[in-house]
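So the chains spell out like this:
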Amino acid sequence: MDRLFFLPTVALLLALPLGACSTAFEDGLIDSGPEYSQFASQQATLRNRAKAAFRQSDFAGAERTFRAALAKDPLDPEAWLGFAAASDRLGRFDVADRAYAQVIAIAGRRGEVVNNMGWSQWHRGNRAAAKLLFAEALALAPGNPVIVANASARSDQS
């Protein structure tokens, strides 16, 4: 009978220190350390390099650099969005579709994401699907000037 009481007590005592550790994450103590700041800075640098490559139409370089950012942080929605856009420009639509799904899983269905999904459909020649996505993006982010311009410009074209 004593053994039945002893085992649950030991298990409870072993679990207490683990439960105390989790509050460091909940209180944000981990995120404020120098290691986190360095990581965030490195991640931002990778994303900025990838965006620069994208702006210079180096879509393969952008895709590689966004992929490197995702290797460091697979939950970075901005890197997933950039990776999807670069994949679109490279004609890798199946990869882009999976990347858009990742962004939505991480950050939700946001105007910027749906706008890019519209562009993806536009590049594929799916004008009707693109127009629906642009309209949805506009509904999700009505004040975003890029989305407003895309929605109005693409609604006139077929």
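Definitions and cut-offs
- Residues numbered from 1 in each chain as written.
- Predicted model: local features only at pLDDT ≥ 70, side-chain atom pairs only at ≥ 80, totals over all residues.
- Heavy atoms only, no water.
- Core = buried A, V, L, I, M, F, W, Y, C linked by side-chain atoms within 4.5 Å.
- Buried < 20%, exposed > 50% of the residue type's maximum accessible area, 1.4 Å probe, protein only.
- Helix = DSSP H or I, 4+ residues; strand = E, 2+ residues; numbered from the N terminus.
- Contact = heavy atoms within 4.5 Å.
- Salt bridge = Lys/Arg side-chain N within 4 Å of Asp/Glu carboxyl O.
- 1 Å grid on protein atoms, 1.4 Å probe; cavity = no way out; pocket = protein on both sides within 12 Å on 5 of 7 lines; lining within 4 Å.
- Points joined across faces, edges and corners; volume = space filled by probe spheres on them.
- Nonpolar A, V, L, I, M, F, W, Y, C, P; charged D, E, K, R; others polar.

What follows deals with the nonpolar core. Ranked by internal contacts, the top residues of the largest apolar core, which has 25 residues, are F66, W80, F83, Y100 and V113. At the level of elements, helix 2 (34-55), helix 3 (59-72), helix 4 (77-89), helix 5 (93-107), helix 6 (111-124) and helix 7 (127-140) are the ones that each hand at least two residues to this core. In contact with W80, other than residues within four places in its own chain, are L70, P74, A99, Q102, V103 and I106.

On to the environment of M117, then. Along the chain, M117 turns up in helix 6. Counting along the chain gives 21 residues from M117 to A96, while the straight-line C-alpha distance between them is 8.7 Å. For M117, the contacting residues outside a window of four places in its chain are Y100, I104, R109 and L133.

Okay, the pattern of salt bridges next. Inspection of every chain in the model, using the stated rule, returns nine salt bridges. In this structure, R67 and E63 form a salt bridge, with 2.3 Å as the shortest nitrogen-oxygen distance. Of this pair, R67 and E63 both sit in helix 3, four residues apart, roughly one helical turn. With relative accessibility at 6%, the residue E63 sits in the buried group. With a shortest N-O distance of 2.5 Å, R109 and E136 are connected by a salt bridge. On the criterion of sequence distance, the pair formed by R109 in the loop between helix 5 and helix 6 and E136 in helix 7 is long-range, its members being 27 residues apart. The class for R109 is partly exposed, based on a relative accessible area of 39%. Residues joined in a network through salt bridges with shared partners are R47, K51, D76 and E78.

The space that makes up the largest pocket amounts to roughly 520 Å³. F54, L81, A85, N115 and N116 are the residues nearest the centre of the largest pocket, which is lined by 21 residues in total. Elements represented by at least two residues in the lining of the largest pocket include exactly helix 2, helix 4, helix 6 and helix 8 (145-156). Grouping the amino acids of the lining of the largest pocket by side-chain chemistry returns eight nonpolar, seven polar and six charged.

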